[in-house]
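Spelled out from the first residue to the last, the chains are:
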Amino acid sequence: MLQPGNSVRADLRSGQITSFEIRANAGEYFRALVRPNGAQINIRVSAPSGAPVATLMNAAGEQRPLPISVIAQEKGAYRLEVTLADPDTPARDFECSLVELREAKPGDEIRIAAEKAFNDGKHLQSEGSKESLNQAIAKFEAALPQWRAIGDQAEEGHTLDTMGDAYWSLGQGAKANDCYKKALPLAKAAGDQAGEASALSNIGVATSLREPKKALEFFEESLRLSRAVPDRNLEATTLNNVGSIYVLLGEPRKAQEYALQARELKREVGDRQGEMTALANLATVYAALGETHQAVEVLSETLPLRRKLHDQRGEANTLLNMATADVQLGELDTALGLFRESLPLSRAVGDRRGEARTLANLGALYMALGTPQEALTTLQQVLPISHELSDRHLEESVLTNIARSYLQLGEAQHALDYSTQALAIQKQISDQRGEGHALGTIGRVYAFMGESEKALELYQRALPLLHSSNDRAGEADVLETTSELYLESGDLKAAPPVCERALALCREVDDKRRLAVAQVSIGSVYLAR
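Rules and cut-offs
- Residues numbered from 1 in each chain as written.
- Predicted model: local features only at pLDDT ≥ 70, side-chain atom pairs only at ≥ 80, totals over all residues.
- Heavy atoms only, no water.
- Pairing = 2+ DSSP bridges.
- Helix = DSSP H or I, 4+ residues; strand = E, 2+ residues; numbered from the N terminus.
- Axes fitted to C-alpha atoms, helices over the stretch in contact; angles between N-to-C directions.
- Contact = heavy atoms within 4.5 Å.
- Expected span 1.5 Å × (residues − 1).
- Buried < 20%, exposed > 50% of the residue type's maximum accessible area, 1.4 Å probe, protein only.
- Polar contact = N/O pair within 3.5 Å; in protein donor to acceptor, adjacent residues only side chain to side chain.
- Disulfide = S-S within 2.5 Å.
- Salt bridge = Lys/Arg side-chain N within 4 Å of Asp/Glu carboxyl O.
- Phe/Tyr/Trp six-rings, centres within 6.5 Å; stacked < 30°, edge-to-face > 60°.

1. Overview of the sheet that holds strand β8 (residues 92-103)
The strand order across the open sheet built from four strands is β1-β8-β3-β6, with neighbouring strands paired in antiparallel fashion. A single partner strand is all that each edge strand has here, and the edge strands are β1 (7-12) and β6 (66-71). Geometrically, the sheet is characterised by an average inter-axis angle of 25 degrees between neighbouring strands, direction not taken into account. Lying on the sheet, helix α1 (residues 106-127) is in contact with β3 (28-35), β6 and β8; it crosses β6 at an angle near 135 degrees.

2. Some thoughts on helix α18 (residues 432-448)
Compared with an ideal rise of 1.5 Å per residue, which puts 17 residues at 24 Å, α18 spans 24 Å between its outermost C-alpha atoms and is within 8% of the ideal. Counting buried residues in α18 gives 13 out of 17 residues, a clear majority hidden from the surface. Of the residues that open α18, the one with a side-chain oxygen 3.3 Å from the backbone nitrogen of Arg433 is Asp431. Once α18 finishes, Gly450 follows within two positions and takes phi at roughly 85 degrees, a positive value.

3. With respect to the pairing of strand β7 (residues 76-84)
Sheet analysis places strand β2 (residues 18-24) next to β7, joined by seven bridges and oriented antiparallel. What sits directly across from Ala24, in β7, is Gly76.

4. Remarks on the state of the cysteines
The final tally for this structure, using the stated rule, is zero disulfides. This cysteine, Cys499, is not joined by any disulfide, and Cys506 carries the nearest cysteine sulfur, 10 Å off.

5. Quick look at the pattern of salt bridges
Under the definition given, this model contains 35 salt bridges. For the salt bridge of Glu355 with Arg347, the shortest nitrogen-to-oxygen distance reads 3.0 Å. Assessed through its relative accessible area of 9%, Glu355 is described here as buried. Members of the salt-bridge network, linked through shared partners, are Arg9, Arg35, Asp93 and Glu95.

6. With respect to helix α6 (residues 212-228)
Helix length check: α6 (17 residues) gives 25 Å between terminal C-alpha atoms against 24 Å at 1.5 Å per residue, within 8%. Residues Pro212, Ala215, Leu216, Phe219, Ser222, Leu223, Leu225 and Ser226 constitute the buried set of α6. Buried positions along α6 lie against α5 (193-208), α7 (232-248) and α16 (392-408).

7. Looking at the packing of aromatic side chains
This structure, assessed with the given rule, holds five aromatic pairs. Measuring from ring centre to ring centre gives 5.9 Å for Phe20 and Phe94, while their planes differ by 80 degrees; the resulting arrangement is edge-to-face. With Phe20 in strand β2 and Phe94 in strand β8, the pair connects residues that are 74 residues apart, well separated along the chain. You'll find Phe20 and Phe94 in the same group, each marked buried.

8. Here we look at the sheet that holds β2
If you trace the four strands from one edge of the open sheet to the other, you get β2-β7-β4-β5, paired in antiparallel fashion. Edge positions in the open sheet fall to β2 and β5 (52-57), since each of these has one partner strand only. Within this sheet the neighbouring strands show an average axis-to-axis angle of 15 degrees, counted without direction. In the sheet, strand β4 (residues 41-46) pairs with β7 via six bridges, with the strands oriented antiparallel. Bridged to Asn42 within β7 is Thr83.

Printed below as a string of structure tokens:
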């Protein structure tokens, strides 16, 4: 039986119900807190008559205490039951406490209504569809004035932060960021360090689309707070976010350190969804390091788990990453099928960011398949979504690929216009890798127009940027076009060493398609000699 002021620690095992008794008189109010210790749980409170009084659930890995408030309508023993939501979860302990038991006050009904609206929203959010996410937001909106009415800044901030996550899942980044920024001062005022850390991490993610280096500052502060709480799940989420930034900044080795730490922590706290996100990031790191087969292995491990959990958003993202890896391995037809499988899943759950990434990669694949008009049509669908998401990295990469599509179509001026737009954005956001790609594309435009010296100058500017950002595939592409230029100009002395460097890089990144092109090019060079 739970007594006010005392905490009880108990074990949770698959298929078993752990229950607590709370004795209350009619008209009394009680409030319990359940600390899940990372377990995904279902909580049910029933009256002495057996009638259900309250139910709630949480997300896997969650450390934040879960409140349950009740006004007793009848005298007797109320039963609080806790079960594991996932039958495959290993046994773990958790803690339950009765923090209040007293006569009901007018504000108690408001708190109960706020808790119900929030919990209903969380349940809808967990479904992950576009419709359910919008319904979840409506529930969170309903809870906000109720939290304000009783002066609970911690729960108001937590609700805003959670509502921001729902907006983010729908690709509505500006609204999400607005929620996160409103949540932060509320968490600080309430002394809610976990809430503050979560809001900072989320603000960092939103900031990373425009200012990745600034985002790292938010992440570092979030890590400090989450470790102070301590909240290992939140710490792991933020480590994952830091890893993603280092991939963007062209530092995959650093990214790997953070992704591995995140994976281990997610495993410790039992957050399977979070673990799969960490594995997806790790696969991205392996791909950036040229370890494509290892990336595919990691992704293949996560796909059946995503499907088992009916996680369409995660399944779409996994298929997208597998397709990207298959492109590197030269399996273009397989990649095409995976992209086409991923796209409707992203659209079904309203994941605009996933939809945009899939379309962008699909457009690049159409270029590799020699269908530039199809590439152009696909890529032009991405630009308005990148503006909607305020994602400058996505925008500049798509502008570069649109330029390449126009170049394949022989429309040099359009290619020059788009690649120049991309270059301006890349300089603004300090994206060295993207800048290297844009300079290489502009170089190809000038080579197409017969201005070899200008093209060569641009290639020479692009190469150190791609090298410093560890983009060996991009570096190989520019070396390849440089050797073609030397060959066309009859400089048979300069062409071979450039070709050899390109060939070595293609072997390093294990990209069969690029390797085949490099082998043909080096053969052409030696034949010309």
